[in-house]
Amino acid sequence: MSGLGKKTVEDIEVKGKRCIVRCDFNVPVKDGVITDDKRIREALKTVKYLKENGAKIILCSHMGRPKGEFNMKYSLAPVAERISELMGCEVVMAKDVIGEDAKAKAAALKDGDILLLENLRFHKEEEKNAPEFAKELASFADIYVNDAFGTAHRAHASTAGIADYLPAVCGYLIQKEIDIMGKALNDPARPFVAILGGAKVSDKIGVIENLIDKVDSLVIGGGMAYTFLKAKGYNIGTSLLEEDKIELAKSLMEKAATKNVNLLLPIDTAINDKFENTDNFSVVDADKMPDGFMGLDIGPKSVELFSETIKNAETVVWNGPMGVFEFEAFAAGTKAIAKAVAESGAISIIGGGDSAAAVEQLGYADKMTHISTGGGASLEFLEGLELPGIAALNDK
Ligand code: AMP
């Protein structure tokens, strides 16, 4: 395992050591009941490794936005219960984060025991990355483990500051993220195809600029494609347009041409006169969009064009849906591209957030090599930015 050269839990002696593990337990809770425990299940590989290897385990996470105050609506108690059920062992819940109860319970841990601290964001110092709070957290442990990729792009006390005081390693989740995405960026199997979609060009500029130097093909769909089509001089009706990004779109297309990157835009589009679902929509060529209509999905000719390139790919990175997949009528493009990626046999990496939701909702999740657990974090990673939660970890 390479882990971008970062130490992992396997690179450090954990037996008998107190390990404070930053997890992402930011799960949806309704009336005290967890409605989706995926993030908890995903975190268990690291927790199990630590337990089997005799560590004293102190788990911590944020949940929701309690805004720096104790608010039991955002208590992690249901998470402790769920970990306990899934692991088949006791998980002790602390009543506070760095208070007397947490301290006493941490001190009483035996090898293999598990303690969960209360919601880190009950203290405003967490998001401020206050050194005294980070130091208090660090005082609970001998080793810091970060396994919360979803918050790795934030410099908070529990994701970055704490690493100033303890040996810092990553857990399996972060390791997998940086291994797979790091390899795609630094040494991809080729052809390397990036598929970008979603609502806005402005959200993806950094990613396009970083990937355009690395990919063989760049496929652009979704709402952001219409700014590119406009830049080509097409009428785009009432489709999503970022007027102030037209020049940028032009220069990106020129850059792709000079770098011999095969940049693909939709050649046809499914349209409607309103931003809503309908049984009655038309498909037109991308250069023949009528006034008063908006493009809400790529059309079948675009699917064919894009799929041809995807079929030959050895690495695919995909971020952002091809259309408004939340509407049944306009999910076809995203679904067909998900199918093409799944069937390509390529190493397939799906960015978190909406792309992950689309792939899951459309039933292709288990066909992908890797679905990132962090939306914002995976975007920043693909932009080539240094994530504070990863930079803080010890090098091998
Ligand atoms: P993002 O979070 O930037 O990946 O954007 C995802 C959102 O883009 C989804 O909610 C889609 O509904 C939306 N989207 C995709 N295609 C279009 C389109 N053609 N027009 C408007 N919104 C779109």
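Here, the structure is the one placed above.
What counts, and at which threshold
Throughout this description, residue numbers start from 1 for each chain and increase along the sequence as written. Local features in this predicted model are restricted to residues of pLDDT 70 or higher, and side-chain atom pairs are both shown and tallied only at a pLDDT of 80 or more, whereas totals for entire chains, interfaces and linings draw on every residue. The side-chain quantities take in all heavy atoms of the structure and omit both hydrogens and water. Every helix listed is a DSSP run of H or I at least four residues long, and every strand listed is a run of E at least two residues long, numbered separately from the N terminus. Here is the rule: rings of Phe, Tyr and Trp (six-membered ring for Trp) pair when centre to centre is within 6.5 Å. Planes less than 30 degrees apart are stacked, more than 60 are edge-to-face, and the remainder are tilted. Only protein chains enter the accessibility calculation, which uses a 1.4 Å probe; a residue whose area is less than 20% of its type maximum is buried, one above 50% is exposed, and one in between is partly exposed. Only heavy atoms matter for contacts: two residues are in contact if any of them lie within 4.5 Å across the pair. Salt bridges are defined as contacts in which a side-chain nitrogen from Lys or Arg sits within 4 Å of a carboxyl oxygen from Asp or Glu.

Engineer: How would you explain unusual backbone geometry if you had to name every residue and give the values?
Structural biologist: Note the cis peptide between Arg190 and Pro191, where omega equals 0 degrees. Relative to the elements of secondary structure, Pro191 occurs in the loop between helix H6 (172–186) and strand E9 (192–196). In this model, Asn129 sits at a positive phi of 55 degrees, which is unusual for a non-glycine residue. Assignment of secondary structure puts Asn129 in the loop between helix H4 (124–128) and helix H5 (131–138).

Engineer: Describe the packing of aromatic side chains, and please don't skip the residues or the numbers.
Structural biologist: All chains considered together, the criterion is met by 4 aromatic pairs. For the pair Tyr49 and Tyr172, a centre-to-centre distance of 5.7 Å together with 80 degrees between the ring planes defines the contact as edge-to-face. Of this pair, Tyr49 sits in helix H1 (residues 38–52) while Tyr172 sits in helix H6, placing them 123 residues apart in sequence. Owing to a relative accessible area of 18%, Tyr49 belongs among the buried residues under this scheme. An angle of 55 degrees between the planes, with centres 5.2 Å apart, marks the rings of Phe281 and Phe330 as tilted. Of this pair, Phe281 sits in the loop between strand E12 (268–272) and strand E13 (282–285) while Phe330 sits in the loop between strand E15 (315–319) and helix H11 (332–344), and the two are 49 residues apart along the sequence. On the basis of relative accessible area, Phe330 is assigned to the buried category, the value being 0%.

Engineer: Run through helix H2 (residues 77–87), naming residues and quoting values.
Structural biologist: Residues of H2 that are buried: Pro78, Val79, Ala80, Arg82, Ile83 and Met87. Buried residues along H2 sit in contact with strand E3 (33–34), H1, strand E4 (56–60), strand E5 (92–93) and strand E6 (114–116). Trailing H2 by a residue or two, Gly88 shows a phi angle of about 70 degrees, which is positive.

Engineer: With reference to specific residues and values, describe the pattern of salt bridges.
Structural biologist: Where charged atoms of side chains with opposite charge meet at close range, the side chains can pair. Evaluation of the coordinates by the stated rule reveals 26 salt bridges. Salt-bridge contacts for Lys396 lead to Asp11; the nearest nitrogen and oxygen are separated by 3.2 Å. Placement of the pair is Lys396 in the segment after helix H14 (388–391) and Asp11 in the segment before strand E1 (18–22), with a sequence separation of 385 residues. Across the salt bridge formed by Glu42 and Lys38, the nearest N and O atoms sit 3.3 Å from each other. Of this pair, Glu42 and Lys38 both sit in helix H1, 4 residues apart, roughly one helical turn. When its relative accessible area of 30% is taken as the criterion, Lys38 is described as partly exposed. Connected through salt bridges with shared partners, the residues Asp37, Arg41, Arg82 and Glu85 form a single ionic network.

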